[in-house]
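Architecture at a glance
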2 protein chains.
Amino acid sequence: MSVTIKDVAKRANVAPSTVSRVISDSPRISEDTKKRVRKIMDEMGYHLNINGRVLVRQSTQTIGIVMKDSATHSFENPFFSEILKGISESCHANEYSLNLTTGESEESIFQDVIKMVQGKRVDGIIVLYSKEDDKVVPYLMEHNFPFVVVGKPLYGANKFMYVDNDNIEASRDATNYLIDRGHRELGFIGGDLKFEVTRDRLKGFKLAAEQHGIEVKDHSIKSIDLNDTVENGKKLVKALLSLSKPPTGLVITDDYNGLTVMSALQEENIRIPQDVSIIGFNNTMIAKLANPPLTTVDTNPYQLGFEASSGLIDILHDPSKVKRGVIIPTTIIERDSCISIQPMIEPQLDVN
Amino acid sequence: MSVTIKDVAKRANVAPSTVSRVISDSPRISEDTKKRVRKIMDEMGYHLNINGRVLVRQSTQTIGIVMKDSATHSFENPFFSEILKGISESCHANEYSLNLTTGESEESIFQDVIKMVQGKRVDGIIVLYSKEDDKVVPYLMEHNFPFVVVGKPLYGANKFMYVDNDNIEASRDATNYLIDRGHRELGFIGGDLKFEVTRDRLKGFKLAAEQHGIEVKDHSIKSIDLNDTVENGKKLVKALLSLSKPPTGLVITDDYNGLTVMSALQEENIRIPQDVSIIGFNNTMIAKLANPPLTTVDTNPYQLGFEASSGLIDILHDPSKVKRGVIIPTTIIERDSCISIQPMIEPQLDVN
DNA sequence: TCTTTTTCTGAAATCGATTTCATAACAATT
DNA sequence: AATTGTTATGAAATCGATTTCAGAAAAAGA
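Observations concerning the interface of chain B and chain A
In this complex, chain B contributes 54 residues to the contact, which on the side of chain A involves 54 residues. Contact between chain B and chain A buries roughly 4700 Å² in total, counting both sides, with carbon and sulfur atoms accounting for 56%. The largest per-residue losses of area from chain B upon contact with chain A belong to His92, Thr102 and Leu289 of chain B, which jointly make up 13% of the total buried on that side. At the boundary of chain B with chain A, the tally comes to two salt bridges. Across the pair Glu95 of chain B and Lys115 of chain A runs a salt bridge, and its minimum N-O distance is 2.9 Å.

Here's the deal with the domain arrangement of chain A
All names here are of chain A. Segmentation of chain A into domains returns domain 1 (62-165 + 302-330) and domain 2 (167-298). Measuring from the centre of the C-alpha atoms in domain 1 to the corresponding centre in domain 2 gives 28 Å. Across the contact, 17 residues belong to domain 1 and 19 residues belong to domain 2. Taken over both partners, the interface formed by domain 1 and domain 2 buries close to 1700 Å², and the fraction arising from carbon and sulfur atoms is 54%. The largest per-residue losses of area from domain 1 upon contact with domain 2 belong to Glu132, Lys152 and Thr330, which jointly make up 27% of the total buried on that side. Joining domain 1 to domain 2, the criterion identifies three salt bridges. The closest approach of N and O atoms between Lys152 and Asp200, which form a salt bridge, is 3.2 Å. Breaking the side of domain 1 that touches domain 2 down by element, the ones donating at least two residues are helix H6 (78-93) and strand S5 (161-165).

Quick notes on the protein's contact with DNA strand D
Among the 28 residues in the neighbourhood of DNA strand D, the closest are listed as Ser20 and Asn49 of chain A together with Thr18, Arg28 and Thr33 of chain B. Of all DNA strand D atoms lying within 4 Å of any protein atom, the proportion belonging to sugar or phosphate reaches 60%. A distance of 3.4 Å separates a base oxygen of DNA strand D from a polar side-chain atom of Arg21 of chain A. Note that a base nitrogen of DNA strand D is positioned 3.0 Å from one of the backbone N or O atoms of Gly52 of chain A. At the level of elements, helix H2 (16-23) and helix H4 (50-57) of chain A together with helix H2 (16-23) and helix H4 (50-57) of chain B are the ones that each hand at least two residues to the surface near DNA strand D. Of the residues belonging to the surface near DNA strand D, the class tally is 10 nonpolar, 12 polar and six charged.

Topic: the pairing of strand S9 (residues 277-281) of chain B
All names here are of chain B. The buried count for S9 comes to five of five residues, which makes it a mostly enclosed element. The side-chain alternation of S9 yields two buried faces, one formed by Ser277, Ile279 and Phe281 and the other by Ile278 and Gly280. The parallel pair strand S8 (residues 249-252) and S9 is bridged by helix H12 (residues 255-267), and the resulting crossover is right-handed. Here three bridges tie S9 to strand S10 (residues 295-298), and the two strands are oriented parallel to one another. Following the sheet pairing, Ile279 is matched in S10 by Thr295.

What about the pairing of strand S2 (residues 97-100) of chain A?
Burial of S2 of chain A is two-sided: the residues Ser97 and Asn99 of chain A facing one way and the residues Leu98 and Leu100 of chain A facing the other way are all buried. Relative to S2 of chain A, strand S1 (residues 62-66) of chain A runs parallel, the two sharing four bridges. Of the residues in S2 of chain A, the one forming a bridge with Gly64 of chain A is Asn99 of chain A. Bridge analysis of S2 of chain A against strand S2 (residues 97-100) of chain B gives three bridges, and the strand direction is antiparallel.

Considering the relation of the copies chain B and chain A
With an RMSD of 0.0 Å, chain B superimposes on chain A once it is rotated by 180° and translated 0.0 Å along the axis. Between the two chains, the operation in question is that of a two-fold axis. In this assembly, 100% of the residues forming the interface of chain B have copies in chain A that are likewise at the interface, indicating an isologous arrangement.

Observations regarding the protein's contact with DNA strand C
Around DNA strand C sit 28 residues in total, of which Thr18, Arg28 and Thr33 of chain A together with Ser20 and Asn49 of chain B are the nearest. When the atoms of DNA strand C within 4 Å of the protein are sorted by group, sugar and phosphate make up 60%. One of the backbone nitrogen or oxygen atoms of Ala15 of chain A is found 2.8 Å away from a phosphate oxygen of DNA strand C. Thr18 of chain A is positioned such that a nitrogen or oxygen atom in its side chain is 2.5 Å from a phosphate oxygen of DNA strand C. Among the elements of the structure, H2 and H4 of chain A together with H2 and H4 of chain B are those that each provide at least two residues to the surface near DNA strand C. Of the residues forming the surface near DNA strand C, the biggest block, five residues, is contributed by H4 of chain B.

Calculation criteria
- Residues numbered from 1 in each chain as written.
- Chains lettered and ligands numbered in written order.
- Predicted model: local features only at pLDDT ≥ 70, side-chain atom pairs only at ≥ 80, totals over all residues.
- Heavy atoms only, no water.
- Contact = heavy atoms within 4.5 Å.
- Buried area = accessible area lost by both parts, 1.4 Å probe.
- Salt bridge = Lys/Arg side-chain N within 4 Å of Asp/Glu carboxyl O.
- Domains from an automatic or database assignment.
- Helix = DSSP H or I, 4+ residues; strand = E, 2+ residues; numbered from the N terminus.
- Near = heavy atom within 4 Å.
- Polar contact = N/O pair within 3.5 Å; in protein donor to acceptor, adjacent residues only side chain to side chain.
- Nonpolar A, V, L, I, M, F, W, Y, C, P; charged D, E, K, R; others polar.
- Buried < 20%, exposed > 50% of the residue type's maximum accessible area, 1.4 Å probe, protein only.
- Right-handed = clockwise from strand over helix to strand, strands pointing away.
- Pairing = 2+ DSSP bridges.
- Least-squares fit on C-alpha atoms with pLDDT ≥ 70 in both.

This is the structure:
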């Protein structure tokens, strides 16, 4: 058995309460006593058992993380790793621990969340996605459990905190980046449309096209199924290439998908950027290391995570302080996957 | 306040102990009572508070994970994500939770470990590396705390469980792969030599070279500092190219470093595989998505994680069952970053 | 010197479960 | 009918801390 507060108390000839107060450095204990007790704690090799404290304080000082497909798929994408990095760093600074859901299916993740909440395993939760028909957020709201979403709230926008990019704008910028470089045949490749990010980025894409009078046909809007990216990437690329006017510019909502598509294109001997320009999202390390290096929208995933975590911790410390939404700015990082082209000259009637 | 076991007990007209027994489905409670109590638990919305249980059971059902540079750098590398995936899945199957260290420096990670152990926050620990001068493993041994190392033990090999590849063999295979394809000028690029993986892989590399009578000069053995990979990659590549006989085949101990080197080489207009063949390690998704796709040694990181976690959980369930070491097999995954070359013909005296 | 205030510490209750030990009620055995 | 054995449940202690409330001792004020 390890040394407890009582053992220390006995040896120091004080009450357990005194030892407890020494631990939390209460001003109500004299310096003399503190010194004496601390010395004995050292001698006896005393260490606080966190579980005792948790029980009475009703606070675990840990934050739960909910990933979309949890470990199974999320970890594949460096974007999530970056977010986790941000969260981890903020947690560390505030002396919080991290607890990950380990479920694989949507349902088992939901069960993990219930356990976290009802079992009082964590003080608050960060949800790393925003998705249609998702049960997690409604559940957390219903139970009035502190949480922060990384992504755009689908409803109850003013009822909880979220951290997000302005994805519509970001995607519009990305699309304009291609348009400005002469591209008129545009394609959009996104993830599952159930996720709000994908929708927003599609919106931005369409918006930009519209404003420039560019028609975007439905068949140049594709989505990649993350469960089987490589195969899907190939199929999708073939479909895109078989169009009468294949796109010369591709907006792809994630670097990881970007690489998948690049590799499928290259297999078809399509050169990047000479034949097709590509712009990705997130600016993860894979964008930097790709060949050619990928031009991408930096969404600052680290920052997203950091703000989410800090925001949640703020809320935990003072529940009245509810920050509604934090928008992290985005910037386009120019690398080598985009090229300027001569736009096809539209046949024009002589006006004069 | 939430519903406790006492509330349920009162309402059901039984003792708290009975409710507790119903929760753990003890055979000592009659089916009738069980049914009745369960119904009331449902009605009242009772949920087990894990913290109460933790305190008396002295077991948290959670596993702590120690990463080498913790979140800050480890997450950058998909290799760790893969391991985490394996761990996560095994934990889920066994109803364990995961707790990550959040420290950034070696020292603060060590502090995290102390907190985990002494604060009894976790039941066991998985250390994701094996490193010279590391304080974590000795600490865990000294305190007789259950743990598993992913990597090769530096000492006390028979005293704790570890999961590893046979890195010497794996690296020898990789090197032979190049040698078999005619490469005679070989280079080795590894991470920090303080890590046992790097050393082993270097050993294997040297072994293979030796056996084929290939001389390996010290200046074609390099290491990449993970803190600043891109810049270091460039420097290192320049140094390698300026050798009188620059290597035609490169063994690189990690896909991530492999990509870094590839991108530096390509910047110098060195073609892969035509000018330089590269073989990496780990077979993470970035190897698959690289351009050209990277030939690599599959170390089965998922498996490494899964076995580590399952092994630890075994030990937790039955401390006498100490599996010493688990070696996960490796295989070379052939892709497009290696090519056969005509070895330079050594000037030979006519023997006849 | 006596009262009041302040400073420091202790006793005991509490957090929410588990578990040991005891016992009532009933069945089985002789 | 008396004894033994089962079965089902309860009372109370316990895990390791925190915290409220109270009280002793010392300092300050009258």
